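Examination of the molecular architecture
Each chain, written out:
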Amino acid sequence: DAKTTQPPSMDCAEGRAANLPCNHSTISGNEYVYWYRQIHSQGPQYIIHGLKNNETNEMASLIITEDRKSSTLILPHATLRDTAVYYCIVRVDEETSGSRLTFGEGTQLTVNP
Amino acid sequence: DAGVTQSPTHLIKTRGQQVTLRCSPISGHKSVSWYQQVLGQGPQFIFQYYEKEERGRGNFPDRFSARQFPNYSSELNVNALLLGDSALYLCASSFQNHYEQYFGPGTRLTVT
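Residue indices begin from 1 for each chain and proceed along its sequence in written order. In the order they appear in the text, chains get letters beginning with A and ligands get numbers beginning with 1. pLDDT decides what is reported in this predicted model: residues at 70 or higher carry local features, side-chain atom pairs at 80 or more are listed and counted, and totals for whole chains, interfaces and linings draw on all residues regardless. Neither water nor hydrogens contribute to the side-chain values; these are computed over all heavy atoms in the structure.

1. Some points on the sheet that holds strand β6 (residues 61-64) of chain A
Residue and element names in this part refer to chain A. Here is the rule we go by: Strand pairing is assigned whenever DSSP detects at least two bridges linking the two strands. Helix and strand definitions here come from DSSP, where helices need a minimum of 4 consecutive H or I residues and strands a minimum of 2 consecutive E residues; each element is numbered from the N-terminal end.
With antiparallel pairing, four strands are arranged side by side in an open sheet as β2-β7-β6-β5. In this open sheet, the two strands that pair with only one neighbour each are β2 (18-23) and β5 (55-56). Summarising the sheet, β5 and β6 pair through two bridges and their orientation is antiparallel. Residue E55 lies in a different strand from β6, and its bridge partner there is L62.

Dropping the structure here:
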């Protein structure tokens, strides 16, 4: 699986959009971009994933650049409960690849009142 | 719907002992994976089971073993515990072999 690079920490004001970047310059054509987050002492929570098109769900939006070498997770209206470590993971999404997730160090997002 | 459940929530063991951790996946999910998370680090993959067969193994010693039962629940066993095995053990389930995973709350293991 391709390696990802994320800033170690970010701050965001409550109610504003949080934009979390991820660099995955060595991503392969069949690798998806996944985002998970982990609130302190809880299990990671799946947020969203995509291949090359932008994706949106009830939690967030995922913007993937045209060359797929980087992506941005957007939380449109951050709340205090969004304070967490956010992990960007790239992985092959095929039957033979299994479910293995390779977590990096992630970005600690702190939402301030 | 109930999410992934794990038991026990916390436990304390002594070096050299053995421990069994349990996981029940989301109803309908056939794949279970186990991860170890040491304080301050991201989770590290230990095992994946799908349809009761091992489908992946991380870089962990043979002291770690797991199995999946016909009802798709799973157990993780760790023998000859070391202080370094102290960690949060996470279980995740997914509907199919390679779909997105949903994590349980974890079991906090402390080895003294």
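2. Thoughts on the state of the cysteines
Cut-off, in case you're wondering: The disulfide criterion is simple: two cysteine sulfur atoms within 2.5 Å. Relative accessibility under 20% of the residue-type maximum defines a buried residue, over 50% an exposed one, and the middle range a partly exposed one, all with a 1.4 Å probe and only protein chains included.
Using the criterion set out here, one finds two disulfides over all chains in the structure. The disulfide partner of C22 of chain A is C88 of chain A, and the S-S distance across this bridge is 2.1 Å. Disulfide C22 of chain A-C88 of chain A: the torsion about the S-S bond is -80°, which places it as left-handed. Taken together, the residues span a long stretch of sequence, with C22 of chain A in strand β2 and C88 of chain A in strand β8 (residues 84-92) at a distance of 66 residues. When sorted by exposure, C22 of chain A lands in the same class as C88 of chain A, which is buried. Two residues share a disulfide in this structure: C23 of chain B and C91 of chain B, whose sulfurs sit 1.8 Å from each other. In this structure, the disulfide formed by C23 of chain B and C91 of chain B twists by about -65° around the S-S bond and is classed as left-handed. Pair noted here: C23 of chain B is in strand β3 (residues 19-24) and C91 of chain B is in strand β9 (residues 87-94), with a separation of 68 residues, a long-range link.

3. Focus on the interface of chain A and chain B
This is how the line gets drawn: Should any heavy atoms of two residues lie within 4.5 Å, those residues are counted as being in contact. Note: buried area is the sum, over both parts, of the accessible area (probe 1.4 Å) each one loses when the two are combined. Here a polar contact means two N or O atoms within 3.5 Å. Within protein one must be a hydrogen donor candidate and the other an acceptor candidate, and residues neighboring in sequence count only if both atoms are side-chain atoms. In this count, Pro and Cys sit with the nonpolar residues alongside Ala, Val, Leu, Ile, Met, Phe, Trp and Tyr, while Asp, Glu, Lys and Arg are called charged and the others, Gly among them, polar.
The interface of chain A with chain B comprises 21 residues on the first partner and 28 residues on the second. Taken over both partners, the interface formed by chain A and chain B buries close to 1,600 Å², and the fraction arising from carbon and sulfur atoms is 48%. Our enumeration of links across chain A and chain B arrives at four residue pairs in polar contact (both at pLDDT 80 or more). Of all elements in the fold, only β3 (31-38), β4 (45-50) and β8 of chain A reach the threshold of two or more residues within the side of chain A that touches chain B. Split into classes, the residues belonging to the side of chain A that touches chain B amount to seven nonpolar, nine polar and five charged.

4. Observations regarding the pairing of β9 of chain B
Residue and element names in this part refer to chain B. Across the eight residues of β9, eight count as buried, placing the element largely inside the fold. Alternating positions in β9 separate into two faces, A87, Y89, C91 and S93 on one and L88, L90, A92 and S94 on the other, with burial throughout. As defined by bridge partners, strand β4 (residues 31-37) adjoins β9 across seven bridges and the pair is classed as antiparallel. When the bridges of β9 are listed, S31 appears paired with S94.

5. A word on the confidence of the model for chain A
Using the following cut-off: As a per-residue quantity, pLDDT reports the predictor's confidence and falls between 0 and 100.
Overall, the predicted model of chain A reaches an average pLDDT of 92, with 95% of residues at or above 70. Across chain A, element-level confidence peaks in β2 of chain A with a mean pLDDT of 98 and bottoms out in β8 of chain A with 93.

6. Let's talk about the layout of surface pockets
Under the convention used in this document: In this analysis, the protein atoms alone were mapped onto a 1 Å grid. Cavities are point sets where a 1.4 Å probe fits without being able to get out; pockets are open sets with protein on both sides within 12 Å along at least five of seven lines; lining residues have an atom within 4 Å of a point. Grid points are joined across faces, edges and corners, and a volume is the space filled by probe spheres set on the points.
The computed volume of the largest pocket comes to approximately 390 Å³. Along the walls of the largest pocket sit 18 residues, with Q38, H40 and V85 of chain A together with Q37 and G40 of chain B positioned nearest its centre. Looking at the lining of the largest pocket, the element that brings in the most residues is β8 of chain A, giving three residues. For the lining of the largest pocket, the class distribution of residues is seven nonpolar, nine polar and two charged.

7. Side note on the sheet that holds β3 of chain A
All names here are of chain A. Filter applied, for reference: Fitted lines through C-alpha atoms give the axes, limited to the stretch in contact for helices. The angle between two N-to-C directions lies from 0 to 180 degrees.
Taking strand neighbours across the sheet as the criterion, the five strands line up as β1-β9-β8-β3-β4 in an open arrangement whose pairing is mixed. Lying at the two open borders of the sheet, with one neighbouring strand each, are β1 (9-13) and β4. Each strand of the sheet is rotated relative to its neighbour by a mean of 25°, with strand direction disregarded. Alignment of β3 against β4, held across five bridges, turns out to be antiparallel. Within the sheet, the bridge partner assigned to V33 lies in β4 and is G50.

8. A closer look at the pattern of salt bridges
Heads up, the rule is: A side-chain nitrogen of Lys or Arg and a carboxyl oxygen of Asp or Glu constitute a salt bridge if their distance falls within 4 Å.
Taken as a whole, this structure holds six salt bridges over all chains when the rule is applied. Note that R37 of chain A and D82 of chain A form a salt bridge whose closest N and O atoms lie 2.7 Å from each other. Taken together, the residues R37 of chain A in strand β3 and D82 of chain A in the loop between β7 (70-75) and β8 connect sequence positions 45 residues apart. The residues R37 of chain A and D82 of chain A share a single accessibility class, namely buried. A salt bridge links R22 of chain B to E75 of chain B; the nearest nitrogen and oxygen atoms lie 3.4 Å apart. Here the residue R22 of chain B occupies a position in strand β3, and E75 of chain B occupies one in strand β8 (residues 74-78), the gap between them amounting to 53 residues.

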